[in-house]
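Observations on the three-dimensional arrangement
Now for the letters of each chain:
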Amino acid sequence: MVKMRMMVLLLSVMMVNVLLMDAMVESTAEFDPYKVLGVTRSASQAEIKKVYKRLAKEWHPDKNKNPEAEDMFIKITKSYEILTNEEKRASYDRYGQTDNTHPYGRGHHGFRHFHDNFYFDESFFHFPFNNKGGRDFADSKYTLHFNQYISEVVPDSFKRPYLIKITSDWCFSCIHIEPVWKETVQELETLGIGIGVVDVGYERRLANHLGAHQTPSFLGVVNGKVAFFHYAVVKGHLMQFVEDLLPQRLVEKVTDKNNQEFLKSWHELNKPHVLLFDQVPSVPLLYKLTAFAYKDYVQFGYVDQGLSETADLLRKFNINTYAPTMLVFKEDVEKPADIIQAKGMKKQIIDEFISNNKFLLAPRLVNQKLFDELCPVKQFHRRRKYCVLLITGEEESFATGNEAFLSLASANTNDVLRFAYVYQRRQHKIHYWWTSSLRNGAGKILYKPVSGGWNGSKEDKHKLLEELERLQKDPSILNNDAVLPELNNEFTSMFLIRWIYTAYDYLAEIIDDLLHNNWREVMPLLSLIFSALFILFGTVVIQAFSDSSEEKQPKTKAKEASKAENGSPNTSSTSRFFRILRLDKSNK
């Protein structure tokens, strides 16, 4: 009897499978991703992406109440996934089919779920009983706790973005998206992107802190800010979401027209400049991530080898177009200081290349952070770093000496010696001419001054080289000590520009949340904005009433007040003059 029931169950399953396969063949034969998106077979990736964004907004079921909106949105999403994948697109162009044999959006195929944060169609994925290992393939490796998120993830998000999945043990849909999550994680990890998993059942505090109220959900963290994922769960969308997390203007497009302007800005920005030559029209994600990680040290540019506007650059630097090439320029804009070329550049190779070239040959000390890295506190004897510091000016009269100092630094690339300079007007707290110095902790330095200063003459160079040779043999020649105050941050004036850029990116995120009706996440911010506007309005009203009451006071009091003011000494002028005197005396 049991065997008969098992046979009946087996036959039922086989019949269901046959019906599903017939439906899949029928739907696959009717499906044409080019027709769905309305693009030609020669359409570029940029065209496909542009059309997809327009159609996805038009047919999103949360906004389009047409009964066929769900099916159409699924077809649009799947078409985009096929045409943006080179292998799948080539397979469809040749054979009229792709590796994916799942149906494309019939109302009776699979199960569909709409969540507040994104759309999910279970018919895209395998069922859980066909997926060995389930959804915990390596989730324990990425599990995040509240303290870990605050102390590790948030600070690290200023160097690399994070993709975090919100899940729970009772989330059935989470099991179905596991194949996509696993494939995406494997690719993102090779690029150096941080991965995290938050189990709501165990980390409710962290989930509430992130504002995640649905499972499954995906969110990104960059520069300490959280952004939610709103689209269909496919690998292409998740990859694009991570790329969109990065700030704008990380990498500048460089051509024959603007290459000199780009490279010559090293003096103003006090940074080396890196050029990546590649054949793809858009900047690769790996390069954007590198630019984000080293944004405080290096300025990045991208050269599209396929453009006619870059032909002169390719000839000038003899670029091999068969493999990506990376050049780093320092003070010499005509000759690269270092070069790397390889097919399929890996993150480890690029990081090592940039780390070895993240300082100019003779950088200007513009803040305390740069000084701490160039001239670290002394360690063991074998790892000591000696700093040769020139205190100079930016006027034309100092140009000869400054160029001679740079020439000397270029000829002495010993890792033990670090060459740097400061402008005394900008760093007026420094009053010493040093041959070299050694930091001794707690702001204390050991130094030896140059007798006679520095003019850049042959005699000065010879004298300095002799001192440096003696220093490496006998560090005790640094017989003077001083406590160095905190250096001024010379780039403080650029804070307003950075704030504007940050505000622009944040405003774009708010608009994106509003477009996706993500009110729960936006409400605290809107509440803060309206509260600020209410306070501002109340302040203006109170000020208006107070001004009107003051105007009603007798004019005689106003005249007496003006006479008293004219008869008294100008205290503000005296105070200002006194401050200038004190500043002049301190300089003297």
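See the structure shown above.
Residues numbered from 1 in each chain as written. Predicted model: local features only at pLDDT ≥ 70, side-chain atom pairs only at ≥ 80, totals over all residues. Heavy atoms only, no water.

Tallying secondary structure elements over the chain gives 23 helices and 16 strands in all. Here the chain, with 588 residues, has 42% of them falling under the buried criterion. The long-range fraction of contacts in the chain, counting pairs at least 24 apart against all pairs at least 6 apart in sequence, stands at 71%. Here the chain has roughly 34600 Å² of accessible surface; of this, 56% comes from carbon and sulfur atoms. (Helix = DSSP H or I, 4+ residues; strand = E, 2+ residues; numbered from the N terminus. Buried < 20%, exposed > 50% of the residue type's maximum accessible area, 1.4 Å probe, protein only. Contact = heavy atoms within 4.5 Å. Areas by Shrake-Rupley, 256 points an atom, 1.4 Å probe, with all protein chains shown as cover.)

A separate point is the pairing of strand β12 (residues 386-392). Where a strand is regular, its side chains alternate between the two sheet faces. Across the 7 residues of β12, 7 count as buried, placing the element largely inside the fold. Residue alternation in β12 divides its side chains into two sets, Y386, V388, L390 and T392 and C387, L389 and I391, and both sets are buried. The sheet contact formed by β12 and strand β13 (residues 417-423) spans 7 bridges and is parallel. Counterpart to V388 in the pairing with β13 is F419. Handedness of the crossover joining β12 and β13 through helix α18 (residues 399-411) is recorded here as right-handed. (Pairing = 2+ DSSP bridges. Right-handed = clockwise from strand over helix to strand, strands pointing away.)

Across all of its chains, the model carries 17 salt bridges by this definition. D93 is paired through a salt bridge with R41; the nearest N and O atoms lie 3.1 Å apart. Of the two residues, D93 sits in helix α5 (residues 86-95) while R41 sits in the loop between α2 (33-37) and α3 (45-59), which places them 52 residues apart along the sequence. Put simply, E81 and K78 hold a salt bridge, and the shortest N to O gap is 2.7 Å. Of this pair, E81 and K78 are both found in helix α4 (residues 69-83), 3 residues apart, which corresponds to roughly one turn of the helix. Accessibility classification places E81 together with K78 in one group, the buried group. Each of the salt bridges in this network shares a partner with another, and the network as a whole consists of K78, E81 and K88. (Salt bridge = Lys/Arg side-chain N within 4 Å of Asp/Glu carboxyl O.)

Attention now goes to the state of the cysteines. In the structure shown here, the tally under the stated rule is 1 disulfide. The residue that forms a disulfide with C171 is C174, at a sulfur-sulfur distance of 2.0 Å. Judged by the sign of its S-S torsion, about 85°, the cystine formed by C171 and C174 is right-handed. Judged by relative accessible area, C171 falls into the buried class, the value being 6%. For C174, a relative accessible area of 1% gives the class buried. (Disulfide = S-S within 2.5 Å.)

Let's shift gears to the side chain of D32. Checked against the element boundaries, D32 lands in the loop between α1 (2-30) and α2. For the buried D32, no salt bridge exists, and the shortest N-O distance to an oppositely charged side chain is 4.5 Å, to K35. At 3.0 Å, the side chain of D32 and the backbone nitrogen of Y34 are in polar contact. Within the local environment of D32, its side chain forms a polar contact with the side chain of Y92, the two groups lying 3.2 Å apart. (Lys, Arg positive; Asp, Glu negative; His and termini not counted. Polar contact = N/O pair within 3.5 Å; in protein donor to acceptor, adjacent residues only side chain to side chain.)

Attention now goes to the sheet that holds strand β3 (residues 162-167). One open sheet accounts for 4 strands, arranged β4-β3-β5-β6; its pairing is mixed. Each having just a single partner strand, β4 (194-199) and β6 (225-228) make up the two edges of the open sheet. Averaged over all pairs of adjacent strands, the angle between strand axes in this sheet comes to 25°, irrespective of strand direction. As paired strands, strand β5 (residues 217-222) and β6 are joined by 4 bridges and run antiparallel to one another. From the neighbouring strand, V221 faces β6, where its bridge partner is V226. (Axes fitted to C-alpha atoms, helices over the stretch in contact; angles between N-to-C directions.)

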